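Chain by chain, the residues:
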Amino acid sequence: MMASFGHGTRRHPRSRGRTWSRTGPDRATLGIIGVICAVAGFFALGIVLGPAAIVCGWLAMGRNWAGSRPVTAVVALVLGAIDTLLALVVLAGATTSGYGMF
């Protein structure tokens, strides 16, 4: 029983179980990954990389709209949205191009 000799758990009550895991990528890394996905999505697989850029940008912003936002997170979010919309337009145009009036 070492707890009675000053080795109790009251010194750091939130050291276990209540803090966030620091093993994942930080916000700056997520913003850079989002920008890379968005730029690559303009050239290939825009329907996949666009939403991935949106998710990375959203997570890099801290999952809220308020407060300070890193520039890379906003760029990833906006370019990912543009990329997704362009991919959807291309897919919609590809499905109706052969079945017109001619």
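Everything discussed here concerns the structure shown above.
Bear in mind the structure is a predicted one, so any value in this text is a computation, not a measurement.

A. Just the overall build of the protein chain, in detail. Within the protein chain, the secondary structure is distributed over three helices and zero strands. In sequence order, the protein chain lays out its α and β elements as α-α-α. Burial statistics for the protein chain: of 102 residues in total, 20% are counted as buried. In the protein chain, the share of contacts with a sequence separation of at least 24, taken over all contacts with a separation of at least 6, comes to 64%. Per element, the accessible surface of the protein chain, about 8100 Å² overall, is 68% carbon and sulfur.

B. Summary view of a nonpolar patch on the surface. A cluster of nonpolar residues, Val-39, Phe-42, Phe-43, Val-74, Val-78, Ile-82 and Leu-86, forms a patch on the protein surface that exposes about 630 Å² of accessible area. With four residues, the top contributor of residues to the nonpolar patch is helix 3 (residues 71-96). Following the sequence through the fold, Phe-43 ends up in the loop between helix 1 (27-41) and helix 2 (46-60). Relative accessible area serves as the criterion here: at 72%, Phe-43 is assigned to the exposed category.

C. Geometry of the side chain of Thr-84. Looking at where Thr-84 falls in the secondary structure, it is placed in helix 3. Contacts of Thr-84, omitting those with residues within four sequence positions, involve Gly-46, Gly-50, Pro-51 and Ile-54.

Conventions we followed
Residues numbered from 1 in each chain as written. Predicted model: local features only at pLDDT ≥ 70, side-chain atom pairs only at ≥ 80, totals over all residues. Heavy atoms only, no water. Helix = DSSP H or I, 4+ residues; strand = E, 2+ residues; numbered from the N terminus. Buried < 20%, exposed > 50% of the residue type's maximum accessible area, 1.4 Å probe, protein only. Contact = heavy atoms within 4.5 Å. Areas by Shrake-Rupley, 256 points an atom, 1.4 Å probe, with all protein chains shown as cover. Patch = residues over 30% accessible without salt bridge, like charges linked within 9 Å, V, L, I, M, F, W, Y side chains within 5 Å. Salt bridge = Lys/Arg side-chain N within 4 Å of Asp/Glu carboxyl O.

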